[in-house]
Protein chains: 2
Amino acid sequence: MPSYTAPVKDTQFILHEVLKVTASGIPGYADLEADFTGAVLEEAGKICSEVLAPLNAIGDREGCQIENGIVRTPTGFKAAFDQVREGGWTALDMPEEFGGQGLPHIMGTAVGEFFSAANQAFTMYQGLTHGAASAILAHGTQDQKETYLPKMTSCEWTGTMNLTEPHCGTDLGMMRTKAMPQGDGTYKISGQKIFISAGEHDMAGNIIHLVLAKIAGGPEGIKGVSLFIVPKFLVNADGSLGARNGVSCGKIEEKMGIHGNSTCVMNYDEATGFLLGEEHKGMRAMFTMMNEARLGVGMQGLAQADAAYQNALSYAKDRLQGRDVTGVKNPNGPADPLIVHPDIRRSLMDQKSFIEGARAFMLWGAGKIDRAQRNEDAAADGLISLLTPIIKGFLTDEGYEMTVKAQQVYGGHGYIEEWGMSQFTRDARIAMIYEGANGVQALDLVGRKLAQDGGKHVMAFFDLVKGFIKENEGDESLKKDFLDPLKAASKDLQAAGMFFMQNGMKNPNAALAGSYDFMHMFGHVCLGLMWAMMAKASSEALSSGTSDVTFHETKLATGRYYMARRLPATSLHLTRINSGGDTVMALDAANF
Amino acid sequence: MPSYTAPVKDTQFILHEVLKVTASGIPGYADLEADFTGAVLEEAGKICSEVLAPLNAIGDREGCQIENGIVRTPTGFKAAFDQVREGGWTALDMPEEFGGQGLPHIMGTAVGEFFSAANQAFTMYQGLTHGAASAILAHGTQDQKETYLPKMTSCEWTGTMNLTEPHCGTDLGMMRTKAMPQGDGTYKISGQKIFISAGEHDMAGNIIHLVLAKIAGGPEGIKGVSLFIVPKFLVNADGSLGARNGVSCGKIEEKMGIHGNSTCVMNYDEATGFLLGEEHKGMRAMFTMMNEARLGVGMQGLAQADAAYQNALSYAKDRLQGRDVTGVKNPNGPADPLIVHPDIRRSLMDQKSFIEGARAFMLWGAGKIDRAQRNEDAAADGLISLLTPIIKGFLTDEGYEMTVKAQQVYGGHGYIEEWGMSQFTRDARIAMIYEGANGVQALDLVGRKLAQDGGKHVMAFFDLVKGFIKENEGDESLKKDFLDPLKAASKDLQAAGMFFMQNGMKNPNAALAGSYDFMHMFGHVCLGLMWAMMAKASSEALSSGTSDVTFHETKLATGRYYMARRLPATSLHLTRINSGGDTVMALDAANF
């Protein structure tokens, strides 16, 4: 059975030695002293290792069951959810006004990774609640906030997001769910939504559905979509639960993974709904939730990769098979451990260098969100908006690939369910799909985000990379192993952007045919930047006589691997992009 | 529910227009007229579409069940197996002497792809039987051949291969299963084997296990391993079934996929075994089977990719979502089909160009095997021996990736089991693992095959590529789109080989750290060569006024995509290889 240990030390390194959070000038960050964050992370790690991780395989095996519309979660989920609630883990970065602890988003992200890694299916129940609460916080009336947020902060009530219908996912303009105004400010919602994660379950007293629907008589297409709050139980004026609303779960889906999370078909039959935000501005309100969800999903890619890697590493150290070609390493045993073999090393280094880079990227990105919100910094907001599809698309693609690599380390034992490695792969697979399939992320990046505000944000990113290189190129070892490769990769990325600028206007397909490659090369450059930043921090620690020489030397060696073996992928992506759209679009659809 | 249509036309194109089989001078090939092969392939395609493919999802859902040591296969499997047997499909390329049809291996390969694509779990029962029969054919006594081969040819009896034990898979020298000589030429076999595909089931009258074991008192390690025939029921002198042998299935494994195939723990308790081949030469005998199995597994990669692709393609044509950015394509519908979107095209072209290239590679390789066997051609034998790990490793890695891409085309519908796309991914996953995990294939390629016979075979491969380029570079369009990229990729591959030669002797890790990349770049060059050969055939057909202009123009366009977008991966692989082993091996195992 797999186990999970939260990477507290690595997270602390990123927060304090790389990002230097307390000195960053973001309101609330001054309180994030290393002792404090360390204590929070240790506690979080404990509940993850001891409570959530042991339920992961159980959730996979048992799945959720539906009987007469009632959904039962796997054995132990409810008790664990109570424990998570009681520990205050669901309220970490929610506003104090509604019962939260008011910590910055970066702390929610740091802890969120651990929870996702320990048990993705379980953590989704609280993750979706957080997203729904954020949408109410951003767009709700004071009354709506007071009605829903305290209970959602504590996860006494959970939340959902309802977008997809059987005939439309990405193209929400086609949606059929209707909202009929009742003249009293409420609406009657009718229609069917599918793939609703945590749509129905037995772990919360109420479920607050956020539902996209079209108000009768409104504009056609996406411009006629509004967002509604549709609680499972209506809430009385005194906050107590009232009548059951007209919403029910018709079916739960059999899925490849995340069996512990109930993926529901939700039927709305004249359910009472309350408008959230403005009429016909539903997409804007939904995107508050969606952007948060996309970052959370990117984090799932990292989290599953780490959970899988930790187990693959321990298997590689334990399993005796074959001999080191350069000389026996375990003379008293019948064979050497797998980890002596170069190809196993390659796989483990791929995983390790991705995971640590991605962790830095997530936390650095969370810092931008805090800066955007707490400092009302438009540049930070623009940058994280640009990077959101990369965090989602790149980290989930790579994260999935890493779970496949981790599984591979086990040989045949990776394929049987007994060892639990298959679950990481099956669970990680969904992250490439939900909250906008990764192809849609690439389209968002190239078709929308790149040119946003006149291309200001992508220029800011390049300036940031350039600035970092310039500032540090006096350090010879940093320059050769980190800055030079980063510069080359960044040049590839700029060349790709240039290709899009020169060709995209006259032939959009020439740019869009390269969108997926662009998303990946951008992701690599981001991780390259993170590795350069981490290398700098570790170099500084070593030259200032740190007591933890091994940690920092390992960090530098891991970074060198990324720069030498992973980052050069930008060049292949550029070759593909430069080949244009013609070979991609050459065939008539009928001739495939 | 997914469907499957055998790609008869494409296979015919490869056999007759690319490989020109009837003119190839291989004994038996002259009979492979297009009418004949077309009729065989059509018939094979029919049983695959109508009988095997519909059982694929059932097999996945039901799996195999064990009760009191008796294993029940999924509903419909037994009846379908009877139908396959009666159609003579299991006997296609077996020798006529033992009831086979004596067709060349290339025909078995062509048909085998269809069977694997339609239902991998099902087809493994006959595939393993074929492999076991080949080992008996190559190493058995006349008496053993007469006893087992007729029934195995018809699959009245099925076969298995028993290598893995709980503590050893790759490193078979550690094996514990013992063989005690009984003085009468027989042995008593005792021990436990795991991951035995088709180890026990209800579809055949007898199961002929080929079991690796160590004869008591023999040499230590891999040099003391012998191969034994251990039938489930002993066979009387008159060919009738005798006593039940001391072999039983202790458990069947829960797996990620191929649920329709019973993966068994087999317990041998003083079971009567008959030596196959020589004492202590078991590995050699097993490798007859293993090499055949590796090629068959490579084919599974291609087959699952094609089955998944066919369904993804039809979904991409049917599913309406979004609009073509260059102008509405389906003005009467609410949206355009997915296939208008460039990123969906990219995914479909990745799949299509891999599948058609891989199919040519498989059939071309099968031709080499026929040439090696039927013409006793040592050069062909050396070449296919070199390419076997590439066919296994590269085609299964890429094949798996393609099933993931096909699944992705479905968005959320790809993740739920209802649509069947998850099964292709889960089934394809095993092919990267069994018959030697792909890392072991890479090790075999770089550590053994590359330098075999003084590097003669790899030089022959380069000569072949060079010769093809030289012969055809007068054709300008072929030169630019196909030969130049092939030349560049082949140069990358040679440079990598050079790096290994210069560094591998003094530091084996420098070479082995690049083995996986080398396997992939070699695979790309092979597919590049195939695409150049196919482009030549299609160019010739077009200039000689073929009636099927669309087929050949599509073929050329698909090839151009591969050359422009897939083949340049060789350059990234070379960069990684040239970075050496230092970054890969830098960490102390304890510091990961």
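These numbers were taken from a predicted model, which means no experiment stands behind them. (Residues numbered from 1 in each chain as written. Chains lettered and ligands numbered in written order. Predicted model: local features only at pLDDT ≥ 70, side-chain atom pairs only at ≥ 80, totals over all residues. Heavy atoms only, no water.)

Draft legend 1. View of the overall build of chain A. Broken down by element type, chain A carries 18 helices and 11 strands. Against the 2.2 N^0.38 benchmark of 25 Å for 592 residues, chain A shows a C-alpha radius of gyration of 24 Å, consistent with a compact globule. Counting every position in chain A, which comprises 592 residues, the buried fraction comes to 65%. Put simply, of all contacts in chain A between residues at least 6 apart along the chain, 74% involve residues at least 24 apart. Accessible surface, chain A: about 20,400 Å² in total, of which carbon and sulfur atoms supply 52%. (Helix = DSSP H or I, 4+ residues; strand = E, 2+ residues; numbered from the N terminus. Rg over C-alpha atoms; globule rule 2.2 N^0.38 Å. Buried < 20%, exposed > 50% of the residue type's maximum accessible area, 1.4 Å probe, protein only. Contact = heavy atoms within 4.5 Å. Areas by Shrake-Rupley, 256 points an atom, 1.4 Å probe, with all protein chains shown as cover.)

Draft legend 2. Quick look at the pairing of strand E6 (residues 206-215) of chain B. All names here are of chain B. Across the 10 residues that make up E6, a large majority, 10, are buried. Both strand E3 (residues 157-162) and E6 contribute to a ladder of six bridges, which runs parallel. Across the sheet, Asn162 pairs through a bridge with Val211, a residue of E6. Relative to E6, strand E4 (residues 178-181) runs parallel, the two sharing two bridges. In the strand pairing of E6, Lys178 is matched with Lys214. (Pairing = 2+ DSSP bridges.)

Draft legend 3. Local environment of unusual backbone geometry. In the Ramachandran plot, Glu270 of chain A falls in the positive-phi region, its phi being about 55° despite a non-glycine side chain. Looking at the secondary structure, you find Glu270 of chain A in strand E11 (residues 263-275). Residues other than glycine seldom take positive phi values, yet Phe195 of chain B does so here, at roughly 60°. Within the fold, Phe195 of chain B resides in strand E5 (residues 186-197).

Draft legend 4. Expanded view of the relation of the copies chain B and chain A. Rotating chain B by 180° and translating it 0.0 Å along the rotation axis places it on chain A, where the RMSD comes to 0.0 Å. Taken together, these values place the two copies in the relation of a two-fold axis. For chain B, the minimum C-alpha distance to the rotation axis belongs to Leu572 of chain B and amounts to 3.2 Å. With an isologous cut-off of 70% or more, the 100% of interface residues of chain B that recur at the interface of chain A puts this contact in the isologous class. (Least-squares fit on C-alpha atoms with pLDDT ≥ 70 in both.)

Draft legend 5. A look at the packing of aromatic side chains. The tally for this structure, following the rule as stated, stands at 30 aromatic pairs over all chains. Here the aromatic rings of Tyr315 of chain A and Trp419 of chain A are separated by 5.3 Å at their centres, their planes lie at 85°, and the arrangement is edge-to-face. A residue pair is termed long-range when its members are at least 10 positions apart, and Tyr315 of chain A in helix H7 (residues 282-318) and Trp419 of chain A in the loop between helix H9 (378-409) and helix H10 (421-431) qualify at 104 residues. Here the aromatic cluster, defined as three or more aromatic residues joined through ring pairs, consists of Phe461, Phe462, Phe499, Phe500, Phe518 and Phe522 of chain A. Geometry around Tyr516 of chain A places Arg346 of chain B over its ring, the cationic atom sitting 4.2 Å from the centre. (Phe/Tyr/Trp six-rings, centres within 6.5 Å; stacked < 30°, edge-to-face > 60°. Lys NZ or Arg CZ within 6 Å of the ring centre and 35° of its normal.)

Draft legend 6. Layout of the interface of chain B and chain A. Taken together, the 92 residues of chain B in the interface contact 92 residues of chain A. In total, chain B and chain A occlude about 7,600 Å² of area from one another, counting both sides; carbon and sulfur atoms represent 62% of this. Taken together, chain B and chain A are joined by four salt bridges. As a salt-bridge pair, Arg565 of chain A and Asp517 of chain B come within 3.6 Å of each other at their nearest N and O atoms. Where chain B meets chain A, there are 43 residue pairs in polar contact (both at pLDDT 80 or more). The greatest single-element share of the side of chain B that touches chain A, amounting to nine residues, is contributed by helix H16 (residues 549-566) of chain B. For the side of chain B that touches chain A, the class distribution of residues is 44 nonpolar, 27 polar and 21 charged. (Buried area = accessible area lost by both parts, 1.4 Å probe. Salt bridge = Lys/Arg side-chain N within 4 Å of Asp/Glu carboxyl O. Polar contact = N/O pair within 3.5 Å; in protein donor to acceptor, adjacent residues only side chain to side chain. Nonpolar A, V, L, I, M, F, W, Y, C, P; charged D, E, K, R; others polar.)

Draft legend 7. Fine view of the layout of surface pockets. Approximately 1,400 Å³ is the volume found for the second largest pocket. As for the second largest pocket, its lining consists of 47 residues, and the residues nearest its centre are Glu254 and His259 of chain A together with Asp60, Glu254 and His259 of chain B. Contributions of two or more residues to the lining of the second largest pocket are made by helix H2 (34-62), strand E1 (65-67) and H10 of chain A together with helix H2 (34-62), strand E1 (65-67), strand E10 (247-252) and helix H10 (421-431) of chain B. For the lining of the second largest pocket, a count of residues per class yields 12 nonpolar, 16 polar and 19 charged. (1 Å grid on protein atoms, 1.4 Å probe; cavity = no way out; pocket = protein on both sides within 12 Å on 5 of 7 lines; lining within 4 Å. Points joined across faces, edges and corners; volume = space filled by probe spheres on them.)

Draft legend 8. Local environment of the side chain of Lys555 of chain B. With respect to the helices and strands, Lys555 of chain B occurs in helix H16. Every residue in contact with Lys555 of chain B, bar those within four places of it in the chain, is listed here: Asp10, Phe13, Glu356, Trp531, Met534 and Ser538 of chain B.

Draft legend 9. Looking closely at helix H1 (residues 8-18) of chain A. Residue and element names in this part refer to chain A. The buried fraction of H1 amounts to nine of the 11 residues, a majority that puts the element mostly inside the structure. Buried within H1 are the following residues: Val8, Asp10, Thr11, Gln12, Phe13, Ile14, Leu15, His16 and Val18. Each element contacted by the buried residues of H1 is listed here: H2, helix H4 (105-118), helix H8 (342-374), helix H15 (515-543) and helix H16 (549-566). Just beyond H1, the residue with positive phi is Lys20, at close to 45°.

Draft legend 10. Quick look at the environment of Ser314 of chain A. Residue and element names in this part refer to chain A. Along the polypeptide, Ser314 turns up in helix H7. Judged by its relative accessible area of 35%, Ser314 falls in the partly exposed class. Sequence separation between Ser314 and Ser3 is 311 residues, and the spatial gap between their C-alpha atoms is 9.9 Å.

Draft legend 11. Spotlight on the domain arrangement of chain A. Residues and elements named next belong to chain A. With domains assigned, chain A is organised as domain 1 (8-139), domain 2 (157-280) and domain 3 (455-586). The centre of domain 1, based on its C-alpha atoms, is set 25 Å off from the matching centre of domain 2. Note on domain 1 versus domain 2: buried area summed over both sides is about 2,200 Å², and carbon and sulfur give 70% of it. For domain 1, the biggest contributors to the area lost against domain 2 are Val71, Tyr125 and Leu128; these three give 26% of the whole. Counting every contact that joins domain 1 to domain 2 gives 10 residue pairs in polar contact (both at pLDDT 80 or more). (Domains from an automatic or database assignment.)

Draft legend 12. A look at the packing of helix H15 (residues 515-543) of chain B against helix H17 (residues 569-578) of chain B. Residue and element names in this part refer to chain B. Where H15 contacts H17, the two axes come as close as 9 Å, and the packing angle between them is 155°. Comparing their axes, H17 and H15 come out roughly antiparallel. As H15 runs across H17, the sense of the crossing is left-handed. Of the residues in H17, those touching H15 at Asp517, Phe518, His520, Met521, His524 and Val525 are Ala569, Thr570, His573, Leu574, Arg576 and Ile577. (Axes fitted to C-alpha atoms, helices over the stretch in contact; angles between N-to-C directions. Parallel < 35°, antiparallel > 145°, perpendicular 65-115°, else oblique. Left-handed = near helix turned anticlockwise from the far one by under 90°.)

Draft legend 13. Main features of the pattern of salt bridges. Residues and elements named next belong to chain A. Per the counting criterion, the structure on display carries 72 salt bridges over all chains. Lys9 is paired through a salt bridge with Asp548; the nearest N and O atoms lie 2.5 Å apart. Pair noted here: Lys9 is in helix H1 and Asp548 is in the loop between H15 and H16, with a separation of 539 residues, a long-range link. The exposure class of Asp548 is partly exposed, given its relative accessible area of 24%. For Arg359, the salt bridge identified is with Glu113, shortest N-O distance 2.8 Å. Placement of the pair is Arg359 in helix H8 and Glu113 in helix H4, with a sequence separation of 246 residues. Note on accessibility: Arg359 and Glu113 belong to one class, buried.

Draft legend 14. Here's a closer look at the pairing of strand E11 (residues 263-275) of chain B. Residues and elements named next belong to chain B. Relative to E11, E5 runs antiparallel, the two sharing nine bridges. Within E11, the residue paired with Ser197 across the bridge is Thr263. With two bridges connecting them, strand E7 (residues 225-231) and E11 associate as antiparallel partners. Residue pairing across strands places Ile229 opposite Phe274, the latter belonging to E11. Direction of pairing for E10 relative to E11: antiparallel, over a ladder of five bridges.

Draft legend 15. Structural view of H15 of chain B. Given a rise of 1.5 Å per residue, 29 residues ought to cover 42 Å, and the 42 Å separating the end C-alpha atoms of H15 of chain B matches this to within 8%. Gly545 of chain B occupies a position one or two residues after H15 of chain B and carries a positive phi of about 75°. (Expected span 1.5 Å × (residues − 1).)

Draft legend 16. Geometry of empty space enclosed by the protein. Residue and element names in this part refer to chain B. The full count for this structure, using the stated rule, is four cavities of 30 Å³ or more. Size it by volume and the largest cavity reaches roughly 700 Å³. Along its surface, the largest cavity is lined by 42 residues, and Gly127, His130, Glu292, Gly296 and Met299 are the ones closest to its centre. Broken down by secondary-structure element, the contributors of at least two residues to the lining of the largest cavity are helix H4 (105-118), helix H5 (120-139), helix H6 (142-153), helix H7 (282-318) and helix H8 (342-374). Among the elements that take part in the lining of the largest cavity, H5 stands out by supplying 10 residues, more than any other. Looking at side-chain class alone, the lining of the largest cavity contains 21 nonpolar, 18 polar and three charged residues. Size it by volume and the second largest cavity reaches roughly 100 Å³. Contributions of two or more residues to the lining of the second largest cavity are made by H2, H4 and H10. Tallying contributions element by element places H2 first for the lining of the second largest cavity, with four residues. In terms of residue class, the lining of the second largest cavity is built from 10 nonpolar, four polar and no charged.

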